[in-house]
Amino acid sequence: MYKVTLSMPIYNVAPYVERALLSALNQTFESIEFLLVDDRGTDNSMDIVRRIIKDHPRGKDVRIIEHPHNIGLGATRNTAIDNAQGEYLFFMDSHDETTPDSIQVLYDKMMEEKVDFVVGSIIEVSVSGEQIRRIFNDITSVGRMCLAEYVYMEKHTFPVMTWNKLYDLSFIKNNDIYCYPKHLNEDMIFNLKVVHCANSFSIVSI
């Protein structure tokens, strides 16, 4: 069994998908299943994907799931949850890039703390190329509604996006945490469920 499933939706991302996929495949962490969900776009994104995995040393660790037709980003995340074979799940969007050691850093913290999920810091890049670093403070919190208290009572900033976190897959499945299909703000709805159900979490500043 893989330790981590890294999931990536593929839908009309031809200008970005090569950089995104290579940053995933070139992770330093070894035990990763790369789960690509083809959401039936109209460009040549999947041709690019198949060319990359054909020649990449980790191509054997890539699994492609094809939707019968386009059903949206939230549904692709749900497909990943239902089909992931790793113990832990990392969502990555196909227009983003991740650092080579990101999975290793998140996994190491997960092994250290054994929490429901681990959050990593991010760098946002504007259309003009300006970089905005969002570095979050190191913390581990344990207890019923600990994340809700952290966000709503202590008024800490907490990133709602799904893609900078390593989740314990059993936490997601046992609490029936899924995205709402065909909704533009799938991250917000998913995150509300996580806030309600989490009994532990860690944030790493690197």
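Above this text sits the structure in question.
Here, residues in each chain are numbered from 1, in the same order as that chain's written sequence. Confidence filtering applies because this is a predicted model: local features only for residues at pLDDT of at least 70, side-chain atom pairs given and counted only at 80 or more, and all residues used for totals across whole chains, interfaces and linings. In computing side-chain properties, one takes all heavy atoms of the structure into account and sets aside hydrogens as well as water.

A. Inspection of the nonpolar core at higher detail. For the purposes of this section, nonpolar cores are sets of buried Ala, Val, Leu, Ile, Met, Phe, Trp, Tyr and Cys residues that join through side-chain atoms within 4.5 Å. Burial here depends on accessible area, computed with a 1.4 Å probe over protein chains only, as a share of the maximum for the residue type. Under 20% is buried, over 50% is exposed, and the range in between is partly exposed. If you look at the biggest cluster of nonpolar residues, it comprises 31 residues, and the most contacted ones within it are V4, L6, I10, F90 and L166. A helix here means a DSSP run of H or I that spans at least four residues, while a strand means a run of E at least two residues long, and both kinds are numbered starting from the N terminus. Counting only elements with at least two residues in this core, the list comes to β1 (4–10), α1 (17–25), β2 (32–38), α2 (45–55), β4 (88–91) and α4 (102–113). Residues are treated as being in contact if the distance between any of their heavy atoms lies within 4.5 Å. When residues no more than four places from it in sequence are discounted, the contact partners of F90 are V4, T5, L6, S7, T98, I103, L106, W163, N164, K165 and L166. With 30 residues, the next largest nonpolar core counts L89, V151, C179 and F201 among its residues.

B. Broad picture of the pairing of β4. Side-chain alternation along β4 places Y88 and F90 on one buried face and L89 and F91 on a second face that is also buried. Two strands qualify as a pair provided DSSP detects at least 2 bridges between them. Inspection of the sheet shows β1 paired to β4 by four bridges, in the parallel sense. From the neighbouring strand, V4 faces β4, where its bridge partner is Y88. Relative to strand β9 (residues 165–168), β4 runs antiparallel, the two being bridged by three bridges. Across the sheet, F90 pairs through a bridge with L166, a residue of β9.

C. Representation of the environment of P15 in the model. Along the chain, the position of P15 falls in the loop between β1 and α1. Its relative accessible area of 68% is what places P15 among the exposed residues. Taking the C-alpha atoms as reference, P15 lies 9.8 Å from I48; in sequence the two are 33 residues apart.

D. Structural detail: the sheet that holds strand β3 (residues 62–66). Here eight strands make up an open sheet; going across it, the order is β3-β2-β1-β4-β9-β5-β10-β8 and the pairing mixed. Because the sheet does not close on itself, it has two edges, and the strands there are β3 and β8 (139–142). Strand-to-strand twist across the sheet, computed as the mean angle between neighbouring axes with direction ignored, equals 20°. To define axes, lines are fitted to C-alpha atoms, for helices over the stretch in contact only, and angles between the resulting N-to-C directions are given on a 0 to 180 degree scale. Sheet contacts for α2: β1, β2 and β3; angle to β3, the most-contacted strand, approximately 160°.

E. Looking closely at the packing of aromatic side chains. Here a Phe, Tyr or Trp ring, Trp counted by its six-membered ring, pairs with any other such ring whose centre lies within 6.5 Å, and the pair is stacked when the planes are under 30 degrees apart, edge-to-face when over 60, and tilted otherwise. One pass over the full model with this rule turns up 11 aromatic pairs. Taking 6.2 Å as the distance between ring centres and 75° as the angle between the ring planes, the aromatic pair formed by F117 and F158 counts as edge-to-face. Of this pair, F117 sits in strand β5 (residues 117–119) while F158 is found in the loop between α5 (146–153) and β9, placing the two residues 41 residues apart along the sequence. The class of F158 is buried, set by a relative accessible area of 9%. Taking the centre distance of 6.0 Å and the plane angle of 15° together, the rings of F117 and F201 count as stacked. In this pair, F117 sits in strand β5 while F201 sits in strand β10 (residues 200–203), placing the two residues 84 residues apart along the sequence. The same class applies to F117 as to F201, namely buried. Through pairs of rings, three or more aromatic residues link up here, namely F91, F117, Y150, F158, Y167, F171, F190 and F201. A positively charged side chain is recorded as over a ring if its NZ (Lys) or CZ (Arg) lies within 6 Å of the ring centre. The angle to the ring normal must also be within 35 degrees. Residue placement shows R77 over the ring face of F91; its charged tip is 5.5 Å from the ring centre.

F. Representation of the state of the cysteines within the structure. Here, two cysteine sulfur atoms that lie within 2.5 Å of each other are counted as a disulfide. Tallying each qualifying case throughout the model produces zero disulfides. Cysteine C179 is unpaired, with the sulfur of C197 as its nearest cysteine sulfur at 14 Å.

G. Molecular detail of the side chain of T79. Within the secondary structure, T79 sits in helix α3 (residues 73–83). Here a polar contact is taken to be a pair of N or O atoms separated by no more than 3.5 Å, where protein atoms must pair a possible hydrogen donor with a possible acceptor and residues adjacent in sequence count only if both atoms sit in side chains. There is a polar contact of 2.8 Å between the side chain of T79 and the side chain of H67. When neighbours within four sequence positions are excluded, T79 is seen to be in contact with V37, I65 and H67.

H. A look at α5. Buried residues of α5: C146, L147, A148, Y150 and V151, and no others. Positive phi appears at K155, one or two residues downstream of α5, with a value of about 65°.

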